[in-house]
Amino acid sequence: MKMRRILLIVLLVGGFWYVTAHLPGDLRHLSLLGSHAAEGSGLTLTEAHAAPEYDSEEQNNIAVYKRVLPSVVNITSTSLVFNFFYGAVPQQGQGSGFILDKAGHVLTNYHVVENANRGIEVQLSNKHKYSAKVIGSDHTHDLALLQIDAPNLQPVTLADSSGLAVGQKVYAIGNPFGLAGTMTRGIISSIRSVRGAEGAPIEDAIQTDAAINPGNSGGPLLNWHGEVIGINTMIASNGAEQSSGIGFAIPINTAKAVLADLTRYGKVRRPSLGISSFAIGPDLAQQLGLAADYGVLIQKVIPGGAAERAGLHGGNEQAYLGNQPIMIGGDLIVALDGQQVTDPQDISEVMDRHQAGDTVSVSIVRGRRQMTIKLILGEAHGQTT
């Protein structure tokens, strides 16, 4: 009985093999389960036979990312605030930064670490975390210099941001919304002076359409070589708190000008001419009978300041421009270090390239005479230029 069952099974299997092996090719698609099942079983996949090849642009994107990512850090600042019931509650903020040297100096935005009274933590791309201390900060330029004690750090390469051009390709790497190691790409949309979140001017700010979001603050803006040209600092979001294609970065040359002071003094000794001033245009110059149709009119010189020591003159007669009182009769500054000056922002731009104690040349018009005077810059106090 047992043998019969075994023989029956063998016959059935053998018969099934014979029938399927000898069916005509056009009948092999038939199924014992019916035509409906057969219709859904003909899935054919087309797969690549080799890994995809990257074009030159993609290769550069990948190369920049791999080169710079180990130098970009995620910064978490913790502060203690009081809630509605006057209870102490820890509050955390996030931002980005980048490593300047193997000694562990990290550059970021001041607003990323502002009020961090309960510590600052820096996380590297390898996920290791380190406590950071603030070496110095510059509220005016929205910059802060931190330091961590960590091995095998990979510093960034800093570019020269003075020759940037609209249309130039740029990359931003940072931690938007806490998403570590994110890279976005765009172009330089414009180079303009803007006011930062605290109202302080950012001269020659780099405007870009590369996506910059909360958490990108303090991270690097890079050229196509992977060199840092700016520090991502804010977005024009119209209240949406996310990228609208208009982001701004502080030019890296501005940071270079203040890093030495941050390292040495813990603050920036901003250079100053020691004057208060007023911008003059062609129409006003004609009304006042000035010998030049542009420049910055010195309203007053600060006692003991650089301008007074160099012999520059402030105004000696009050006049009114509409309802605004101005002082006339002072020297008209038309150039600084050979660069034309048309408003106080031009002076601020030159100051960003200098430190207190540097010597600059000031071209002025006094009466009908034009002259150039050497001046040793002082340190800024208050709202003077």
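Anyway, here's the lowdown on the structure attached to this text. (Residues numbered from 1 in each chain as written. Predicted model: local features only at pLDDT ≥ 70, side-chain atom pairs only at ≥ 80, totals over all residues. Heavy atoms only, no water.)

### Regarding the nonpolar core
Thought 1: Counting residues in each nonpolar core, the largest one holds 26 residues, and the members touching the most others are Phe 98, Leu 107, Leu 222, Ile 231 and Ile 252.
Thought 2: Looking at this core, the elements with two or more residues in it are helix 3 (56-68), strand 6 (143-147), strand 7 (169-174), strand 9 (201-208), strand 11 (228-235), strand 12 (247-251) and helix 5 (252-265).
Thought 3: Ranked by residues supplied to this core, first place goes to helix 5 with 5 residues.
Thought 4: Of all hydrophobic cores here, the second largest spans 21 residues; its members include Val 301, Ile 333, Leu 336 and Val 360. (Core = buried A, V, L, I, M, F, W, Y, C linked by side-chain atoms within 4.5 Å. Buried < 20%, exposed > 50% of the residue type's maximum accessible area, 1.4 Å probe, protein only. Helix = DSSP H or I, 4+ residues; strand = E, 2+ residues; numbered from the N terminus.)

### Comments concerning the environment of Ser 131
Thought 1: Relative to the helices and strands, Ser 131 is located in strand 5 (residues 129-138).
Thought 2: Sequence separation of Ser 131 and Gly 119 is 12 residues, and the distance between their C-alpha atoms is 7.4 Å.
Thought 3: What Ser 131 contacts, discounting residues up to four positions off in sequence, is Ile 120, Gln 147 and Ile 148. (Contact = heavy atoms within 4.5 Å.)

### Points about empty space enclosed by the protein
Thought 1: Counted according to the given criterion, the structure contains 1 cavity of 30 Å³ or more.
Thought 2: Reported here for the largest cavity is a volume of approximately 60 Å³.
Thought 3: The wall of the largest cavity is formed by His 141, Ala 257, Val 258, Asp 261, Val 268, Arg 269, Arg 270, Pro 271, Met 351, Asp 352, His 354 and Gln 355.
Thought 4: At 3 residues, helix 5 tops the list of elements feeding residues into the lining of the largest cavity.
Thought 5: Among the residues forming the lining of the largest cavity, the class breakdown is 5 nonpolar, 3 polar and 4 charged. (1 Å grid on protein atoms, 1.4 Å probe; cavity = no way out; pocket = protein on both sides within 12 Å on 5 of 7 lines; lining within 4 Å. Points joined across faces, edges and corners; volume = space filled by probe spheres on them. Nonpolar A, V, L, I, M, F, W, Y, C, P; charged D, E, K, R; others polar.)

### A short note on unusual backbone geometry
Thought 1: If you check the backbone angles, Asn 115 has positive phi at about 65 degrees while not being a glycine.
Thought 2: Along the chain, Asn 115 falls in the loop between helix 4 (110-113) and strand 4 (120-123).
Thought 3: Overall, the relative accessible area of 58% leaves Asn 115 in the exposed class.
Thought 4: If you check the backbone angles, Asp 337 has positive phi at about 55 degrees while not being a glycine.
Thought 5: Along the chain, Asp 337 turns up in the loop between strand 18 (332-336) and strand 19 (339-340).
Thought 6: On the basis of relative accessible area, Asp 337 is assigned to the partly exposed category, the value being 34%.

### Focus: the pairing of strand 16 (residues 317-321)
The two faces of a sheet get side chains in turn, since along a regular strand they alternate between them.
Thought 1: Sheet analysis places strand 16 next to strand 17 (residues 324-328), joined by 5 bridges and oriented antiparallel. Looking at the pairing, Leu 321 lines up with Gln 324 of strand 17. (Pairing = 2+ DSSP bridges.)

### A short note on the sheet that holds strand 10 (residues 220-222)
Thought 1: Spatially, 7-8-9-12-11-10 is the arrangement adopted by the 6 strands of the closed barrel, whose pairing is antiparallel. Going across the sheet, the axis of each strand differs from the next one's by a mean of 50 degrees, ignoring polarity.
Thought 2: Of the strand pairs in this sheet, strand 11 and strand 12 are connected by 5 bridges, and their pairing is antiparallel. Across the sheet, residue Met 234 finds its bridge partner in strand 12, namely Phe 248.
Thought 3: Taken strand by strand, helix 3 contacts strand 7, strand 8 (182-195) and strand 10, and its axis lies near 40 degrees from that of strand 7.
Thought 4: Against the sheet, helix 5 makes contact with strand 11 and strand 12, and its axis sits at roughly 40 degrees relative to strand 12, the strand it touches most. (Axes fitted to C-alpha atoms, helices over the stretch in contact; angles between N-to-C directions.)

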